[in-house]
Amino acid sequence: MVWERRRRRDIFDIIDEYFEEMERASRELFESLLGGRPSWDVSERCLEPLTNIHITPDEVIVRVDLPMVKPESIKVRALGGNVLEVSADMNRTISFNDFGITHRRGEFCGFKTKIRIPLPVDMEKMTTKFARGFLEIRLPRKRREGVRIPVE
Amino acid sequence: MGLPDVGLVGVIATTHIVSALGMEEAASVESELMPPIAVLHDGLPHSPIRIFHKDTVLAVLSETAIPAPVVQPLAKALVDWSKNRSVKMVISLGGLPTPERQELTLENIRIFGAASTPTALEMLKNWDVEALKRGFMVGPYALILRYAAESGLDAIALLAQSFYEYPDPEAAAVVVSRVTEMLNLKVDVSELLKKGEEIRLRARDVMRRTQQELNRMKKSQEYDLPLYV
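Just so we're clear, the structure is a prediction, and the values are computed from it rather than from any experiment.

The rules behind these values
- Residues numbered from 1 in each chain as written.
- Chains lettered and ligands numbered in written order.
- Predicted model: local features only at pLDDT ≥ 70, side-chain atom pairs only at ≥ 80, totals over all residues.
- Helix = DSSP H or I, 4+ residues; strand = E, 2+ residues; numbered from the N terminus.
- Rg over C-alpha atoms; globule rule 2.2 N^0.38 Å.
- Buried ≥ 20, exposed ≤ 12 C-beta atoms within 10 Å, placed from the backbone.
- Contact = placed C-beta atoms within 7 Å.
- Core = buried A, V, L, I, M, F, W, Y, C linked by C-beta atoms within 7 Å.
- Pairing = 2+ DSSP bridges.
- Nonpolar A, V, L, I, M, F, W, Y, C, P; charged D, E, K, R; others polar.
- Axes fitted to C-alpha atoms, helices over the stretch in contact; angles between N-to-C directions.
- Expected span 1.5 Å × (residues − 1).
- Parallel < 35°, antiparallel > 145°, perpendicular 65-115°, else oblique.
- Left-handed = near helix turned anticlockwise from the far one by under 90°.

Student: Could you give an account of the overall build of chain B, naming the residues involved and the relevant values?
Tutor: Within chain B one finds 8 helices and 9 strands. Its C-alpha radius of gyration of 16 Å places chain B within 12% of the 17 Å reference for a compact globule of 229 residues. Its C-alpha atoms give chain B principal-axis dimensions of roughly 55 × 40 × 35 Å. Sorting the 229 residues of chain B into buried and exposed places 43% on the buried side. The contacts of chain B with a sequence gap of at least 6 include a subset with a gap of at least 24, amounting to 75%.

The structure is reproduced here in structure tokens:
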């Protein structure tokens, strides 16, 4: 029986199993990184905003969804190691009760998040714009001096 | 149909319709394939996917992201159920991911449609909804259209230009206005627009989980250009 089973498990089965295992592991990693912690922090009284990073050939564009914030309170700080910290005060305090949740205590008066920029960028040349509840941060990518190759 | 997809347009739109029309819970989707979740309302457990009704209108609403592997059996079950219940038309409400969405105001968000049968396609035309003629659709609504086509059920998808990864109450309002006009229902969207920022704040967690599932479905293939014309 053991021998038969081994025979049937050919190279394609092994590859399939390998990819299934990889997918399962990456799903679990994804879950532990993103889904395993709450999007709120009672001790800091802040919520974590939705954030996405778009990479273009010249720029890294970070968009942060900041509903119900006071525009003048938005702060963007470049921390070391290619990390940005974005924070903003909300125009009113929100509590768990506002979500209909009565079994937790706490209230939130702002947004706060740290964003790791995945590529080398020029933090000095960062530009920011806030419009219609979205903060857009543009960071020019750092370029190494390339070699120009003539095309014949 | 209000299933989680880009911008949570369908979920936000359907939630608004259910609430505005005072629709009542009539059925729920029960499946061993779904994650082990109970949604508590007033202290009592409910399925995360429920079906509401009022008069001749049924509304399917999911309060949680649909795991990518469940999309196919769920779409099949919803189409089979609709067929068995002699549903005349299935209307999926959703968003069409649009990179330049940030530049669009409420007034210039466009709405597009897709249909399961030639009859449904003709209905879109009569309702003055521009049909998507070529390209890829990915996600629950793509499969609902395909299974509906297989079983000869008239189904359409109404898709408003929307954000991909942020909750989009404005796109939802556009869809609500159009679908209620088509069905001769009276639903005011001013409250939905007024509460837009609050909805965006409340929808963060469902959006985050939906985005993870959309990535697994390779939703971004909707941006791909097809090989043949």
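So that's the structure; there's more coming.
Student: How would you sum up the overall build of chain A? Please name residues and give values.
Tutor: Counting its regular elements, chain A contains 2 helices and 9 strands. Going residue by residue from the N terminus, the α and β elements of chain A occur as α-α-β-β-β-β-β-β-β-β-β. A burial count over chain A gives 17% of its 152 residues as buried. For chain A, the share of sequence-separated contacts (at least 6 apart) that also reach a separation of at least 24 residues comes to 49%.

Student: An account of the nonpolar core is needed here, citing residue identities and associated values.
Tutor: Among the nonpolar cores identified, the biggest contains 62 residues, and Val9(B), Ile144(B), Ala172(B), Val175(B) and Val176(B) are the most heavily contacted of them. Counting residues per element, this core draws most heavily on helix 5 (residues 169-182) of chain B, at 7 residues. Not counting chain neighbours up to four residues away, the residues in contact with Val9(B) comprise Leu93(B), Gly94(B), Gly95(B), Ala160(B), Ser162(B), Asp168(B), Ala171(B), Ala172(B) and Val175(B). Counting residues in each nonpolar core, the second largest holds 19 residues, with Met90(A), Phe108(A), Ile115(A) and Ile137(A) among its members.

Student: Break down the sheet that holds strand 5 (residues 75-79) of chain A for me, with residues and values.
Tutor: Residues and elements named next belong to chain A. The mixed open sheet is built from 5 strands, whose spatial order is 1-2-7-6-5. What marks the edges here is a single partner per strand, and that holds for strand 1 (40-41) and strand 5. Looking at chain direction, strand 1 and strand 2 (residues 46-47) are connected through 2 bridges and run antiparallel. Each bridged residue has a counterpart across the sheet, and for Asp-41 the counterpart in strand 2 is Cys-46.

Student: So what's going on with the interface of chain B and chain A? Residues and values would help.
Tutor: With 14 residues of chain B in contact, the opposing surface of chain A contributes 12 residues. Tallied by class, residues from the side of chain B that touches chain A come to 3 nonpolar, 2 polar and 9 charged.

Student: Give me the pairing of strand 4 (residues 49-54) of chain B: which residues, what numbers.
Tutor: Residues and elements named next belong to chain B. With 4 bridges connecting them, strand 1 (residues 24-28) and strand 4 associate as antiparallel partners. Considered in strand 4, the bridge of Ala-27 is made with Ile-51. Sheet analysis places strand 4 next to strand 5 (residues 57-62), joined by 6 bridges and oriented antiparallel. Paired with Phe-52 across the strands is Ala-59, a residue of strand 5. The antiparallel hairpin formed by strand 4 and strand 5 contains 2 residues in its connecting segment, where Asp-55 sits at a positive phi of about 50°.

Student: Summarise the sheet that holds strand 9 (residues 134-140) of chain A; cite the residues concerned and give the values.
Tutor: Think of a sheet as strands paired side by side through backbone hydrogen bonds, with each pair either parallel or antiparallel. Residues and elements named next belong to chain A. Strand order in the open sheet formed by 4 strands is 3-4-9-8, with antiparallel pairing between adjacent strands. The open sheet has two free edges, formed respectively by strand 3 (51-55) and strand 8 (127-131), since each of these has just one partner strand. Going across the sheet, the axis of each strand differs from the next one's by a mean of 15°, ignoring polarity. Sheet analysis places strand 8 next to strand 9, joined by 5 bridges and oriented antiparallel.

Student: Give me the lowdown on helix 5 of chain B, citing residues and values where you can.
Tutor: All names here are of chain B. Over its 14 residues, helix 5 extends 20 Å from the first C-alpha to the last, a length consistent with the 20 Å expected when each residue adds 1.5 Å. Counted residue by residue, helix 5 has 10 buried out of 14 residues, so it is predominantly covered. When we look at burial in helix 5, the residues that qualify are Pro-169, Glu-170, Ala-171, Ala-172, Ala-173, Val-174, Val-175, Val-176, Val-179 and Thr-180. Where helix 5 is buried, its residues touch helix 1 (9-21), strand 6 (90-97), strand 7 (111-115), strand 9 (155-162), helix 6 (190-194) and helix 7 (196-202). Backbone geometry just downstream of helix 5 places Asn-184 in the positive-phi region, at approximately 55°.

Student: Account for the packing of helix 2 (residues 68-84) of chain B against helix 4 (residues 140-150) of chain B, with residues named and values stated.
Tutor: All names here are of chain B. Here helix 2 crosses helix 4 at 45°, and the two axes come no closer than 9 Å. With respect to helix 4, the axis of helix 2 lies oblique. Of the two elements, helix 2 crosses helix 4, and the hand of that crossing is right-handed. Residues Val-71, Gln-72, Leu-74, Ala-75, Lys-76, Leu-78 and Val-79 of helix 2 form the contact with helix 4, whose own contacting residues are Pro-140, Leu-143, Ile-144, Tyr-147 and Ala-148. The class makeup of the residues in the contact of helix 2 with helix 4 is 10 nonpolar, 1 polar and 1 charged.

Student: Explain the packing of helix 1 of chain B against helix 5 of chain B to me, and be specific about the residues and the numbers.
Tutor: Residue and element names in this part refer to chain B. Close contact between helix 1 and helix 5 brings their axes to 8 Å; oriented N to C, the two are set at 55°. Here helix 1 is positioned oblique relative to helix 5, judged by the angle of their axes. In this structure, helix 1 meets helix 5 at a crossing whose hand is right-handed. Along its contact with helix 1, which presents Val-9, Ile-12, Ala-13, His-16 and Ile-17, the element helix 5 presents Pro-169, Ala-171, Ala-172, Val-175 and Val-176. The residue makeup of the contact of helix 1 with helix 5, split by class, is 9 nonpolar, 1 polar and no charged.

Student: So, the environment of Leu119(A): which residues are in play, and what are the values?
Tutor: All names here are of chain A. Structurally, Leu-119 can be placed in the loop between strand 7 (107-116) and strand 8. Each C-alpha atom of the pair Leu-119 and Pro-49 lies 22 Å from the other, and the pair is 70 residues apart in sequence. Ignoring any residue separated from it by four or fewer positions in sequence, one finds Leu-119 in contact with Ile-55, Val-60 and Arg-141.

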